[in-house]
Amino acid sequence: MLRERARKLVDSPRFQRFVVAVILVNAVSLGAETSETLMSLAGGFISFVDTAALVIFVLEMLLKLYVYRFGYFRDPWNCFDFAVVGVALLPSSGGLSVLRAFRILRALRLVSATPSMRKVVTNLLAALPGMGSILGLLALVLYVAAVMATKLFGAVTPEYFGSLGTSMWTLFQIMTGEAWPDIAREVMVEKPFAWIFFLCYILLSTFVVLNLFLAVMVSAADDVREVENRERHEQENADEDATLATILNELSALRTEVAALRPAAQGAGTTVIYTPNNRPGPGRQLSDGEIARAVALYRDGESTARIAEQLNASLAAVRTGLARRGIRRG
């Protein structure tokens with residue numbers, strides 16, 4: 001019972017929003033620690049906020065471990081939160097003082113606490129295999145271009161293309177769009193047709209490869225969305241099947257109860273006693289037992305009207321029943 005209440009608390013939207021708010025406040029406090037002015041004015045309060053946020057994160061982690069037990073580590077995002085909080089708990093004095101800088105990693109918990117950010121990261125991770133192929137293609141293009149540039153322009157501008165390593169760094173800089181016109185103009189002073197090389201390299205490395213990256217990202221996002229839709233449809237179908245099975249079971253149980261409550265067919269000579277709260281309708285047909293009773297009453301001198309009243313039936317039903325036994329009114 002206690003674990004179920006804790007599960008409802010952990011999974012509630014209010015709890016998630018509270019954790020997001022704590023993450024944001026903690027990120028602001030960690031950023032404020034970099035300001036000497038703010039630390040001199042409110043250093044104690046900033047340290048208190050940081051400590052309080054860490055305590056809340058630890059309590060949240062312990063609560064989830066209590067609720068999910070070892071299933072907590074089956075979720076990669078929970079493992080990420082565990083690692084981030086664990087780094088913050090390590091001692092930050094002496095040789096481990098550098099770990100204080102890693103406390104800002106707690107701000108990255110905002111990714112695991114926000115569904116939209118988790119979806120973006122999921123799409124990015126799904127695109128990594130395709131990106132690896134594109135990065136390999138880009139490295140091949142960069143290597144080939146660096147070899148060509150070293151042979152073509154090494155003697156002209158050795159500071160840019162004097163060696164293979166220097167050429168690769170220069171071409172990587174050109175690929176990012178940084179100061180490439182200045183480099184190209186300096187080379188074109190001695191090599192007027194060098195613009196052909198730079199133009200082809202920029203078109204191939206920047207525009208083509210960038211479009212490939214975008215295509216892979218879009219394709220990965222579509223795949224992730226398709227998987228999510230399929231899982232959602234499967235869950236909806238499972239819920240519908242469970243609901244239908246429940247309805248069928250209830251109908252079957254109701255049918256069994258109705259069959260148990262239905263009186264057995266009354267045999268001949270059985271007298272049916274009707275109470276004011278349980279009388280059949282006057283327009284019904286008499287059963288064999290009721291016909292036998294009507295015959296007995298008629299032979300005792302009762303009128304058909306009196307018999308109909310006692311049996312809660314119509315005169316026509318009584319007369320028809322008597323006629324079925326061969327009794328004709330004189």
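Residues numbered from 1 in each chain as written. Predicted model: local features only at pLDDT ≥ 70, side-chain atom pairs only at ≥ 80, totals over all residues. Heavy atoms only, no water.

Chemist: What is the right way to read the overall build of the protein chain from this model?
Modeler: Helix and strand content of the protein chain: 13 helices and zero strands. In the protein chain, the succession of helices and strands from N to C terminus is α-α-α-α-α-α-α-α-α-α-α-α-α. Burial status across the protein chain gives 27% buried among its 330 residues. Partitioning the contacts of the protein chain with sequence separation of at least 6, the portion at a separation of at least 24 is 60%. About 21,400 Å² of surface is accessible on the protein chain, with carbon and sulfur atoms providing 64% of the total. (Helix = DSSP H or I, 4+ residues; strand = E, 2+ residues; numbered from the N terminus. Buried < 20%, exposed > 50% of the residue type's maximum accessible area, 1.4 Å probe, protein only. Contact = heavy atoms within 4.5 Å. Areas by Shrake-Rupley, 256 points an atom, 1.4 Å probe, with all protein chains shown as cover.)

Chemist: Can you walk me through the packing of helix H1 (residues 2–11) against helix H3 (residues 36–68) in this structure?
Modeler: Two quantities define a packed helix pair, namely the angle between the helix axes and the distance between the axes. Relative orientation of the contacting elements H1 and H3 amounts to 130°, with a least axis distance of 9 Å. Between H1 and H3, the angle is such that the two are oblique. The hand of the H1/H3 crossing is left-handed. Contact residues: Leu 2, Arg 3, Ala 6, Arg 7, Leu 9, Val 10 and Asp 11 in H1; Leu 63, Lys 64, Tyr 66, Val 67 and Tyr 68 in H3. Across the contact of H1 with H3, the residue classes tally to eight nonpolar, no polar and four charged. (Axes fitted to C-alpha atoms, helices over the stretch in contact; angles between N-to-C directions. Parallel < 35°, antiparallel > 145°, perpendicular 65-115°, else oblique. Left-handed = near helix turned anticlockwise from the far one by under 90°. Nonpolar A, V, L, I, M, F, W, Y, C, P; charged D, E, K, R; others polar.)

Chemist: I would appreciate a short explanation of the side chain of Asn 26 in the present structure.
Modeler: Secondary-structure assignment places Asn 26 in helix H2 (residues 13–32). When sequence neighbours within four positions are dropped, the list of residues in contact with Asn 26 reads Asp 50, Ala 53, Phe 57 and Arg 106.

Chemist: I tried to follow the confidence of the model for the protein chain on my own but got confused; where do I start?
Modeler: Caution applies to low-pLDDT regions: their predicted coordinates should not be interpreted in detail. Per-residue pLDDT for the protein chain averages 80, and the proportion of residues at 70 or more is 88%. Across residues 264–281, confidence stays below pLDDT 50; counting only partners more than four residues off in sequence or on other chains, it has 18 contacts. (pLDDT = per-residue confidence, 0-100.)

Chemist: How do you make sense of the environment of Ala 88 when you look at a structure like this?
Modeler: With respect to the secondary-structure elements, Ala 88 resides in helix H4 (residues 76–89). In the structure, Ala 88 is positioned 18 residues away from Arg 106 in sequence and 8.0 Å away in space, judged by C-alpha atoms. In contact with Ala 88, not counting residues within four places along its chain, are Leu 54 and Arg 106.

Chemist: Mind showing me how you'd approach the side chain of Thr 157 here?
Modeler: On the secondary structure map, Thr 157 appears in the loop between helix H6 (115–153) and helix H7 (158–161). For Thr 157, a relative accessible area of 1% translates into the label buried. Apart from residues lying up to four places away in sequence, Thr 157 is in contact with Gly 162, Glu 186 and Val 187.

Chemist: Teacher, can you tell me more about the pattern of salt bridges here?
Modeler: Pairs can form between side chains of opposite charge whenever their charged atoms are close. Evaluated as defined, the whole model comprises four salt bridges. The closest approach of N and O atoms between Asp 182 and Arg 185, which form a salt bridge, is 3.8 Å. Residue Asp 182 and its partner Arg 185 are both found in helix H9 (residues 180–188); the two are separated by three residues, about one turn of the helix. A salt bridge links Arg 306 to Glu 309, with the shortest nitrogen-to-oxygen separation between them at 3.5 Å. Taken together, the positions of Arg 306 and Glu 309, both in helix H12 (residues 304–311) and three residues apart, correspond to about one turn of that helix. What makes Glu 309 exposed here is its relative accessible area of 53%. (Salt bridge = Lys/Arg side-chain N within 4 Å of Asp/Glu carboxyl O.)

Chemist: What's the story with the packing of aromatic side chains in this structure? I'm lost.
Modeler: The geometry of an aromatic ring pair is captured by two quantities: the separation of the ring centres and the angle between the planes. Taken as a whole and assessed by the stated rule, the structure comprises nine aromatic pairs. Ring centres of Phe 153 and Phe 197 lie 5.5 Å apart, and the angle between their planes is 70°; this geometry places the pair in the edge-to-face category. Placement of Phe 153 in helix H6 and of Phe 197 in helix H10 (residues 194–261) is noted, with a sequence separation of 44 residues between them. Like Phe 197, Phe 153 is buried. (Phe/Tyr/Trp six-rings, centres within 6.5 Å; stacked < 30°, edge-to-face > 60°.)

Chemist: Help me understand unusual backbone geometry, please; the structure alone is not making it clear to me.
Modeler: Note on backbone geometry: most residues besides glycine have negative phi, and most peptide bonds are trans. Its identity is not glycine, yet Arg 69 carries a phi of approximately 55°, on the positive side. Along the polypeptide, Arg 69 turns up in the loop between H3 and H4.

Chemist: Which parts of the structure should I look at to understand the environment of Met 175?
Modeler: Within the element layout of this structure, Met 175 appears in helix H8 (residues 164–175). For the pair Met 175 and Tyr 201, spaced 26 residues apart in the sequence, the C-alpha separation amounts to 8.1 Å. Discounting residues that sit within four places of it in the chain, Met 175 has contacts with Leu 138, Tyr 201, Ser 205 and Thr 206.

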